[in-house]
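Coordinate analysis (summary)
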Amino acid sequence: MYTKGEWKYYKKDYPEFLGHKMESRYIVKGLTVIAEMGGGTKEEAKANAHLIAAAPDMYEALRSGVEGIRLNPRGKERDLAIRAFMFLAEKALAKAEGK
């Protein structure tokens, strides 16, 4: 089980401290913090944050695709299930890539 709903990437900038710019990256759902990102370069932290924020969307796309294809093993319904899966998967991948 995971926290349902849309997870979003959020960046918080802080005033400079001892000559360093401080910032934090979070994955949030509403006011709930799911994760705080750290480590690596700023670019890696941002990419990791987008990937984690897309996790529920990717899970739902996979779950929907597997169930749709399993329930419709052949024919027109299978083609529709595959198209629906591709739509959800492409949307989740775009979110994971920060688009």
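Residues numbered from 1 in each chain as written. Predicted model: local features only at pLDDT ≥ 70, side-chain atom pairs only at ≥ 80, totals over all residues. Heavy atoms only, no water.

The next subject is the pairing of strand S1 (residues 8-17). Alignment of S1 against strand S2 (residues 20-29), held across eight bridges, turns out to be antiparallel. The residue bridging Phe17 from the neighbouring strand is His20, located in S2. Remark: two residues form the turn of the hairpin made by S1 and S2, two consecutive strands paired antiparallel; Leu18 in that turn has positive phi of roughly 50 degrees. (Pairing = 2+ DSSP bridges. Helix = DSSP H or I, 4+ residues; strand = E, 2+ residues; numbered from the N terminus.)

So, on to helix H3 (residues 76-96). The end-to-end C-alpha separation of H3 is 30 Å, in line with the 30 Å expected for 21 residues at 1.5 Å each. Residues of H3 that are buried: Ala81, Ala89, Ala92, Lys95 and Ala96. Buried residues along H3 cover an arc of 115 degrees about the axis, so they all sit on one side. H3 presents Lys76, Arg83, Phe87 and Lys91 as exposed residues on the side facing more than 90 degrees away from its buried surface. Against helix H1 (42-53) and helix H2 (55-71) lie the buried residues of H3. Immediately beyond the C-terminal end of H3, within one or two residues, lies Gly98, with a positive phi of roughly 75 degrees. (Expected span 1.5 Å × (residues − 1). Buried < 20%, exposed > 50% of the residue type's maximum accessible area, 1.4 Å probe, protein only. Arc of directions from axis to C-beta. Contact = heavy atoms within 4.5 Å.)

The antiparallel open sheet is built from three strands, whose spatial order is S1-S2-S3. Lying at the two open borders of the sheet, with one neighbouring strand each, are S1 and strand S3 (32-37). Strand-to-strand twist of the sheet, defined as the mean angle between neighbouring strand axes without regard to direction, takes the value 35 degrees. (Axes fitted to C-alpha atoms, helices over the stretch in contact; angles between N-to-C directions.)

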